[in-house]
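Chain and residue survey
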Amino acid sequence: MTKSLIELSQDLLSKFLDPNGNPVSGRISKPENFSEEAEALREIVAGDSWQSHSGAKAFDFLHENSYCIALNFSLSEEEIEHLEDQSEKTIKVIDVPGSIFLFLANRLGVSPKNIEPLWIEEYIAGPAASKEGVALDVLKENIEGISVFKLNDASIFHSSTSGKYVANYLCTFDPTLNNKTQLSQRSLELIREIFLQEKENLIEYNLFESMSTPLLRHAFLEIYRTLEFVYVLPRAKSLLQQLRQAGGTLDIKVLDFARHCHKELGWKRVERDSVSKLFREYSTSNYGSFIELFSHCKPFSTELAPSIEDDENMRLTYVSKAAEKYYALRNQVAHQFWPDEMLLCDNEDWQALIEFTLGCITYIYNQHLTKQI
């Protein structure tokens, strides 16, 4: 390592300022087994530091021959249980020795919490100046949290998935973000499902924007922007299959192919038509989601929706009309219509639209992406 335990200890102490505004100096209490702590630090294989699309700081490394990601937030026991369940126990939150904690605090650049200088003088600076030093646990309790996630070899993510992508998925559990989000718990669960399906760094920014905005109509627009790329998937998959059937030997995944169509060829979609096509496909096996939307989003409840037992053509006609209204709602947020031109939507309506859109995105990924293509 580039820094010794003594240097790392001094770095962490210096983050705290005494009543005169000077960095605290001194020592941190020596661990019970200094040699083991020092050895653990020497054996770390350091990776990269970066900032997630969520704003969290991240660092990856090898610890005891396992791939780990450290992030600058702490999870509750409930959140840890939820994460481990969703990852099928392939991602676990682990404790690390104090020496490694000091190393991570340095790499992540964590900051102290908002603490009174007099408190720092009494409980940190004073003990740090003594022979015994200040306990590391006291410092841990008064700086930004650090969580270390260990990924098993049999990870729920593909082996080719980058650590940065995995870190972005982990950041959907960040309590700092979740405590201020306006999205429902169901929406957060759907976003995590999408992260587990999509592996190509195309969606994180919009999904995190949807989680962080204080206005649900803006959150809906960010989710819609994720849906925009999904327009390409069914068509790209169909074209790729036709090319292969015609004798083409295209060794490319459908998601990569879709991205090239979208980016390199300037493949543009007629959005209203694309929304209608996606909704018609989604409705064939998930018409109940439309019934749910019609029931909980007032702009769609102005006329009676066909039931799931009604004629399929009746249902598809109504779904097409719903697509037009859906696109109109998107436009009134994106283009800032005059108030008298807008369909009235309250927070409950936007929440229903967000959950419906995320469900549609999840379905399309499930339907058109597999481990084989």
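Residues numbered from 1 in each chain as written. Predicted model: local features only at pLDDT ≥ 70, side-chain atom pairs only at ≥ 80, totals over all residues. Heavy atoms only, no water.

The subject of this paragraph is the overall build of the protein chain. Broken down by element type, the protein chain carries 16 helices and 5 strands. Residue pairs at least 24 apart in sequence account for 72% of intrachain contacts in the protein chain once pairs closer than 6 positions are excluded. (Helix = DSSP H or I, 4+ residues; strand = E, 2+ residues; numbered from the N terminus. Contact = heavy atoms within 4.5 Å.)

As a further point, take the pattern of salt bridges. Evaluation of the coordinates by the stated rule reveals 7 salt bridges. Its salt-bridge partner being Lys-89, residue Asp-85 comes within 3.2 Å of it at the nearest N-O pair. By relative accessible area, which is 45% here, Asp-85 ends up partly exposed. For Arg-225, the salt bridge is made with Glu-222, and the minimal N-O distance between the two is 3.0 Å. With Arg-225 and Glu-222 both in helix 11 (residues 216–230) and 3 residues apart, this pair spans about one turn of that helix. Of the residues examined, Arg-225 reaches a relative accessible area of 37% and is grouped as partly exposed. Where salt bridges share partners, they join Arg-186, Glu-189 and Glu-193 into one cluster. (Salt bridge = Lys/Arg side-chain N within 4 Å of Asp/Glu carboxyl O. Buried < 20%, exposed > 50% of the residue type's maximum accessible area, 1.4 Å probe, protein only.)

For the pair helix 9 (residues 185–197) and helix 10 (residues 204–212), the least separation of the axes is 12 Å and the interaxial angle reads 170°. For the element pair helix 9 / helix 10, the angle class is roughly antiparallel. Here Leu-188, Ile-191, Ile-194 and Phe-195 of helix 9 come into contact with helix 10, specifically with Glu-204, Leu-207, Phe-208, Ser-210 and Met-211. Residues belonging to the contact of helix 9 with helix 10 are distributed by class as follows: 7 nonpolar, 1 polar and 1 charged. (Axes fitted to C-alpha atoms, helices over the stretch in contact; angles between N-to-C directions. Parallel < 35°, antiparallel > 145°, perpendicular 65-115°, else oblique. Nonpolar A, V, L, I, M, F, W, Y, C, P; charged D, E, K, R; others polar.)

A word on the pairing of strand 2 (residues 57–63). In terms of burial, strand 2 is largely enclosed, as 5 of its 7 residues are buried. In the sheet, strand 1 (residues 45–51) pairs with strand 2 via 5 bridges, with the strands oriented antiparallel. Pairing of Ser-49 across the sheet is with Phe-59, part of strand 2. As consecutive antiparallel partners, strand 1 and strand 2 are separated by 5 residues, and within that stretch Gly-55 has a phi angle of approximately 105°, a positive value. (Pairing = 2+ DSSP bridges.)

With that out of the way, let us pick up the sheet that holds strand 4 (residues 91–94). What the 5 strands build is an open sheet, ordered 1-2-3-5-4; its pairing is antiparallel. At either end of the open sheet lies a strand with only one pairing partner, and these are strand 1 and strand 4. Shown here is a sheet whose adjacent strand axes are inclined to one another by a mean of 25°, direction ignored. Seen against the sheet, helix 3 (residues 77–86) touches strand 4 and strand 5 (147–151) and runs at an angle of roughly 150° to strand 4. Against the sheet, helix 7 (residues 163–171) contacts strand 1, strand 3 (66–71), strand 4 and strand 5, and its axis sits at roughly 50° relative to strand 3.

Glancing now at the packing of helix 11 against helix 15 (residues 312–334). At a closest axis distance of 10 Å, the pairing of helix 11 and helix 15 adopts a crossing angle of 120°. The handedness of the crossing between helix 11 and helix 15 is left-handed. Contacts between helix 11 and helix 15 involve Arg-217, His-218, Phe-220, Leu-221, Tyr-224, Leu-227 and Glu-228 on the former and, on the latter, Tyr-326, Tyr-327, Leu-329, Arg-330, Val-333 and Ala-334. A class-by-class count of the residues in the contact of helix 11 with helix 15 yields 9 nonpolar, 1 polar and 3 charged. (Left-handed = near helix turned anticlockwise from the far one by under 90°.)

Ranked by size, the top nonpolar core spans 71 residues in total, and within it Leu-71, Tyr-169, Leu-170, Phe-279, Phe-300, Tyr-326 and Leu-353 carry the most contacts. Among the elements that take part in this core, helix 16 (residues 347–368) stands out by supplying 11 residues, more than any other. In terms of nonpolar packing, the next biggest core, distinct from the first, is built from 36 residues, Val-24, Ile-94, Val-96 and Ile-120 among them. (Core = buried A, V, L, I, M, F, W, Y, C linked by side-chain atoms within 4.5 Å.)

Looking now at helix 4 (residues 98–108). Across the 11 residues that make up helix 4, a large majority, 9, are buried. Within the sequence span of helix 4, burial applies to Gly-98, Ser-99, Ile-100, Phe-101, Leu-102, Phe-103, Leu-104, Ala-105 and Leu-108. Immediately downstream of helix 4, the backbone of Gly-109 shows phi near 65°, a positive value.

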